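Coordinate analysis (summary)
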Amino acid sequence: IDHQPKSSFLQNDLIKVLAAILFFTGNTFVLSSMYALGITGTYLGDYFGILMDSRVTSFPFNVLENPMYYGSSMVFLSTAL
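Residues numbered from 1 in each chain as written. Predicted model: local features only at pLDDT ≥ 70, side-chain atom pairs only at ≥ 80, totals over all residues. Heavy atoms only, no water.

**Some thoughts on helix H1 (residues 13-44)**
Selection rule: Throughout, the bend at a residue refers to the angle made by two axes, fitted to the seven residues ending there and to the seven starting there. Helix numbers and strand numbers start at the N terminus; a helix is a DSSP run of H or I with at least 4 residues, a strand a run of E with at least 2. Here a polar contact means two N or O atoms within 3.5 Å. Within protein one must be a hydrogen donor candidate and the other an acceptor candidate, and residues neighboring in sequence count only if both atoms are side-chain atoms.
The sharpest bend along H1 reaches about 115° and sits at Gly38. If you check the start of H1, you find a side-chain oxygen 3.1 Å away from the backbone N of Leu14, and it comes from Asn12. Note on H1: the residue one or two positions beyond its end, Gly45, has a positive phi of about 55°.

Right, dumping it as structure tokens:
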């Protein structure tokens, strides 16, 4: 990886700060949504007929419709930066 070409545009402190903010924000969305849904809501879902009693509306679901998808995308983008 060290021998691959690097863009000079991405080698500045602003991009590194942006990547760190995206990484921590994305992980906050992913981990807090896992906490809000619990193990059965996160991993089993409706595959095994285990449904939530009601829709989760607490954080992070009151901020984003799909916090796990957006959070994961933020973490992937931060890693790429």
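**Comments concerning the side chain of Ser32**
Convention followed: Residues count as neighbours in contact if any of their non-hydrogen atoms are within 4.5 Å of one another.
The topology assignment puts Ser32 in helix H1. In terms of polar contacts, Ser32 uses its side chain to reach the backbone carbonyl oxygen of Thr28, at 2.5 Å. Excluding residues within four positions of it along the chain, Ser32 makes contact with Phe59 and Pro60.

**Describing the packing of aromatic side chains**
Short version of the rule: Side-chain rings of Phe, Tyr and Trp (the six-membered ring for Trp) are treated as a pair once their centres are within 6.5 Å; stacked means planes under 30 degrees apart, edge-to-face means over 60, and tilted covers the remaining angles. The rule is simple: take the accessible area with a 1.4 Å probe, protein chains only, and divide by the maximum for that residue type; under 20% is buried, over 50% is exposed, in between is partly exposed.
Under the counting rule described, the total for this entry stands at two aromatic pairs. Pairing Phe23 with Phe24 gives two aromatic rings, centres 5.5 Å apart and planes at 85°, and the pair type is edge-to-face. Judged by its relative accessible area of 34%, Phe23 is partly exposed.

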